[in-house]
Amino acid sequence: DMSNAIMAQDEMGRPFIIVRDQGSKKRQHGLEAKKSHILAARSVASIIRTSLGPRGLDKILISPDGEITITNDGATILCQMELDNEIAKLLVQLSKSQDDEIGDGTTGVVVLASALLDQALELIEKGIHPIKIANGFDEAAKVAAQRLEEQADDVAGDETSFKEYLFRAAKTSLGSKIVSKDHDKFAQMAVDAVLRVLDEERKDVDFELIKLEGRVGGSLRDSKLIDGVILDKDFSHPQMPKEVVPVEGQNELKLAILTCPFEPPKPKTKHKLDISSVEEYQKLQNYEQDKFKEMIENIKRVGADVVICQWGFDDEANHLLLQNNLPAVRWVGGQELELIAIATHGRIVPRFQDLSTEKLGKCGRIYEMEFGTTKDRMLVIEQCSDAKTVTCFIRGSNKMIVDEAKRALHDALCVVRNLVKDSRVVYGGGAAEVAMSIAVSEEADRQRGIDQYAFRAFAQALDTIPMTLAENSGLDPIDTLTLLKSKQIKENSSLIGVDCLSKGSNDMKELFVVDPFIGKKQQIMLATQLCRMILKIDNVIISGKDEY
Ligand code: ADP
């Protein structure tokens with residue numbers, strides 16, 4: 001069964017096959033192990049490379065159960081690849097850590113890490129000890145980070161110009177994504193969403209407060225930012241109003257948010273309920289009806305206009321709610337309930353008897369949003385008293401586009417958040433990498449020991465980023481790199497990068513190709529760490545179950 005087999009190559013380049021689950025393990029030691037790790041990493045990176053940059057290719061991924069994903073996002077591609085190799089899995093983790101901490105730059109970090117590994121392999125072949133290489137890389141990374149810090153531009157400025165900046169940075173991040181046609185709209189959405197939920201004091205953004213919702217139908221252009229919460233629900237009864245606004249004399253709607261079941265408590269009898277006659281059945285029915293009425297009166301008395309329930313309720317209750325002019329929503333998920341509570345400044349009520357006026361949430365309007373001809377609707381709770389919850393509502397003609405647009409918007413949100421946290425930027429299109437590479441090679445000239453090799457190798461790995469961007473844009477990678485380096489040195493500027501979109505300029509500041517400083521720094525650090533880790537592993541057990 002070939003699906004259980006992995007092709008590999010030994011140190012002489014002869015292919016061999018590792019068959020899993022044969023009950024035997026294969027051990028690799030020392031240099032041989034390191035080389036094979038690096039080769040594994042290279043094969044993963046070669047798939048990711050072509051996605052880097054604004055001209056990067058999208059990938060179509062088909063999962064074993066036939067679901068299709070179209071994406072350009074490194075972390076997503078890697079997550080969906082079924083990898084057998086442990087080292088390749090480390091690259092996946094690498095891209096994920098970049099995603100978790102920064103949210104953007106997930107492709108770049110993998111390309112850089114694998115370039116470092118490639119360089120390490122050459123040094124190993126020259127006979128340099130892997131630990132020496134790892135240490136040299138660490139030192140080189142420090143020099144690179146130092147240079148990165150020097151070239152970072154703080155763009156905070158005054159508020160209007162900062163907002164403009166955020167907008168343009170978000171737009172750059174969207175540049176390589178499917179949504180690029182509508183990137184003005186999406187960039188604005190990212191900026192508005194982040195600024196709306198921004199915690200001014202901590203200068204941070206809690207992403208839990210920004211919800212991404214997608215719905216197939218319409219086009220990307222119909223996407224919008226909703227000032228509040230959207231639920232994939234409608235009112236519990238078709239005759240309930242499609243829109244609820246405060247009654248005359250009130251300026252807000254009040255919401256009862258319930259996690260207790262909306263049903264009468266069971267009659268208190270010690271014994272099993274025994275219904276043996278029509279009368280008894282009738283009595284039980286009356287009892288239930290009375291209890292329902294009591295509950296509804298209770299809700300009305302505390303002043304609620306709308307009921308949001310975690311649980312369902314039966315037709316009878318539903319009908320009574322309708323009769324009493326109490327629009328209700330049932331089966332609302334726990335997370336959504338929490339979001340509603342935060343947004344409306346309400347309290348979640350776990351026991352019916354705890355319901356009180358001050359626990360009600362408040363908002364300006366609740367309405368059912370309909371989608372053209374489809375029967376689908378969603379419920380929008382907006383103008384919430386605490387405006388610090390927003391929903392980015394994404395429309396698109398099919399699921400793949402909606403999903404990719406979500407991912408793209410997530411990246412743009414991250415870029416904006418990162419800049420709000422730290423308003424320093426560096427220039428993209430490989431400009432920052434070229435500047436770092438120049439600094440690291442200069443440092444190499446000053447080194448006397450073995451470190452000089454590691455420094456040069458590190459500089460060359462950095463060069464891979466502009467080279468890959470050039471290659472993906474149809475430019476000659478070596479010519480481009482040479483041009484960028486000589487220009488940067490001649491003009492003593494770190495703004496010169498790859499003109500991926502043929503705009504006729506290499507000035508990334510002018511083209512507004514910027515990346516947040518913290519994201520770039522994180523890439524360098526994570527890639528170097530990963531490389532160190534792999535260089536230190538020298539005993540790996542490949543597949544199989546038993547030792548022989
Ligand atoms: P990642 O997942 O690593 O963010 P992307 O595919 O988004 O990968 O590519 C990001 C790289 O593309 C960065 O190095 C960035 O500077 C560069 N880039 C983005 N837009 C442009 C552009 N218009 N011109 C040149 N380089 C660009």
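Each chain has its residues counted from 1, following the order in which its sequence is written. For this predicted model, a pLDDT threshold of at least 70 governs which residues receive local features, and a threshold of 80 or more governs which side-chain atom pairs are given and counted, while totals over whole chains, interfaces and linings are taken from all residues.

### Details of the overall build of the protein
In this text, helices come from DSSP runs of H or I with a minimum length of four residues, and strands from runs of E with a minimum of two, each type numbered from the N-terminal end. Counting secondary structure elements, the protein contains 16 helices and 21 strands. To sort residues by exposure, count the other C-beta atoms lying within 10 Å of each residue's C-beta; 20 or more gives buried, 12 or fewer gives exposed, and values between give partly exposed, all with C-beta atoms placed from the backbone. Residues counted as buried form 44% of the 548 residues belonging to the protein. Here, residue contact means that the backbone-derived C-beta atoms of the two residues sit within 7 Å. For the protein, the proportion of contacts with a sequence separation of at least 24, taken over those separated by at least 6, is 74%.

### Digging into the nonpolar core
Side chains of nonpolar character tend, in soluble globular proteins, to be buried together. Nonpolar cores are built from buried Ala, Val, Leu, Ile, Met, Phe, Trp, Tyr and Cys residues. These are joined into a set through C-beta atoms within 7 Å. Core analysis: the biggest nonpolar cluster contains 147 residues, and Ala113, Ala190, Ala256, Ile308, Ala412 and Val416 have the highest contact counts within it. Two domains each donate at least three residues to this core, and these are domain 1 (18-153 + 426-542) and domain 2 (229-386). The start and end points of each domain follow an automatic or database-based domain assignment.

### Details of helix H14 (residues 477-491)
Helix span, as expected, comes to 1.5 Å for every residue beyond the first. Taking 1.5 Å of rise per residue, 15 residues should cover 21 Å, and H14 covers 21 Å from first to last C-alpha, within 8% of that figure. Listing the buried residues of H14 in full gives Thr480, Leu481, Leu484 and Gln488. Mapping the buried residues of H14 onto a view down its axis gives an arc of 100°, with all of them on the same face. Opposite its buried face, H14 presents the exposed residues Ile478, Asp479, Thr482, Ser486 and Lys490, each directed more than 90 degrees away. Each direction from the helix axis to a C-beta atom contributes to the arc, which is the arc of those directions.

### Description of the site of the ligand
In the vicinity of the ligand lie 24 residues, with Thr107, Gly108, Gly428, Gly429 and Cys500 positioned nearest. A class-by-class count of the residues in the shell around the ligand yields seven nonpolar, 15 polar and two charged. Nearness here is judged by the C-beta atom: place it from the backbone, and if it falls within 6 Å of a molecule or strand, the residue counts as near that partner. Three classes are used: nonpolar for Ala, Val, Leu, Ile, Met, Phe, Trp, Tyr, Cys and Pro, charged for Asp, Glu, Lys and Arg, and polar for all others, with Gly counted as polar.

### Topic: the domain arrangement of the protein
As assigned here, the protein comprises domain 1 (18-153 + 426-542) and domain 2 (229-386). Relative to domain 2, the C-alpha centre of domain 1 lies at a distance of 54 Å.

### A closer look at the sheet that holds strand S6 (residues 153-154)
Between any two strands, pairing holds if DSSP finds at least two bridges. Strand order in this open sheet of three strands is S6-S19-S20, and the pairing throughout is antiparallel. A single partner strand is all that each edge strand has here, and the edge strands are S6 and strand S20 (514-516). Of the strand pairs in this sheet, S6 and strand S19 (residues 424-427) are connected by two bridges, and their pairing is antiparallel. Within the sheet, the bridge partner assigned to Asp153 lies in S19 and is Val425.

### Re the packing of helix H3 (residues 86-101) against helix H16 (residues 517-536)
Axes here mean lines fitted to C-alpha atoms, for a helix over just the part in contact, with angles spanning 0 to 180 degrees between N-to-C directions. Two numbers describe how H3 lies on H16: the axes approach to 11 Å, and their chain directions differ by 155°. As the angle between them shows, H3 and H16 are arranged roughly antiparallel. Seen from above, H3 lies across H16 with right-handed handedness. Seen from H3, the contacting residues are Ile87, Leu90, Leu94, Ser97, Gln98 and Glu101; seen from H16, they are Gln522, Gln523, Leu526, Leu530 and Ile534. In the contact of H3 with H16, the residues fall into six nonpolar, four polar and one charged. An angle counts as roughly parallel when it lies under 35 degrees, as roughly antiparallel when it exceeds 145, as roughly perpendicular when it falls between 65 and 115, and as oblique in every other case. For any helix crossing, the convention is left-handed if the near helix is rotated counterclockwise from the far helix by under a right angle, and right-handed if that rotation is clockwise.

### A closer look at the sheet that holds strand S9 (residues 228-231)
If you walk across this open sheet you meet the four strands as S9-S17-S16-S10, and the pairing is antiparallel. The two strands at the open ends of the sheet, each matched to only one other strand, are S9 and strand S10 (243-244). When S10 meets strand S16 (residues 365-370), the two strands line up antiparallel, connected through two bridges. Each residue of the ladder has a partner; that of Val244, found in S16, is Ile366. Packed on one face of the sheet, helix H10 (residues 334-344) meets S9 and strand S17 (377-382) and runs near 155° to S9.

### What about the pairing of strand S4 (residues 59-62)?
Looking along a regular strand, one sees side chains alternate from face to face of the sheet. Looking at chain direction, S4 and strand S5 (residues 68-71) are connected through four bridges and run antiparallel. Across the sheet, Lys59 pairs through a bridge with Thr71, a residue of S5.

### Some details on the pairing of S17
The sheet contact formed by S9 and S17 spans four bridges and is antiparallel. Note that in S17 the partner of Leu231 across the bridge is Leu379. Note that S16 and S17 share six bridges and pair antiparallel. Residue pairing across strands places Ile366 opposite Ile381, the latter belonging to S17.

### Section: helix H7 (residues 183-197)
An ideal rise of 1.5 Å per residue puts 21 Å on 15 residues; H7 measures up with 21 Å between its terminal C-alpha atoms. Looking at H7, one finds that the buried residues are His183, Phe186, Ala187, Met189, Ala190, Val191, Ala193, Val194 and Val197. At its buried positions, H7 is contacted by helix H6 (159-174), strand S7 (210-216), strand S8 (224-226), strand S18 (390-396) and helix H11 (399-421).

### Focus: unusual backbone geometry
For Asn325, which is not glycine, the phi torsion reads 55° and is therefore positive. Here Asn325 lies in the loop between helix H9 (315-323) and strand S13 (328-329). The backbone of Phe512 shows a phi angle near 60°, a positive value even though the residue is not glycine. Tracing the backbone through its elements, the reader meets Phe512 in the loop between helix H15 (508-511) and S20. Of the residues examined, Phe512 has 16 C-beta atoms within 10 Å and is grouped as partly exposed.

### Thoughts on the confidence of the model for the protein
pLDDT: the predictor's confidence for each residue, scored from 0 to 100. Chain-level statistics for the protein give a pLDDT mean of 85 and a share of 88% at 70 or above. Within the protein, H14 carries the highest mean pLDDT (97), whereas strand S21 (residues 539-542) carries the lowest (50). Under a pLDDT of 50 for its full length, residues 541-548 has, in the predicted model, 22 contacts with residues more than four places off or in other chains.

### Focus on the environment of Lys242
In this structure, Lys242 sits in the loop between S9 and S10. If we skip the residues at most four places from it in the chain, Lys242 touches Tyr367 and Glu368.

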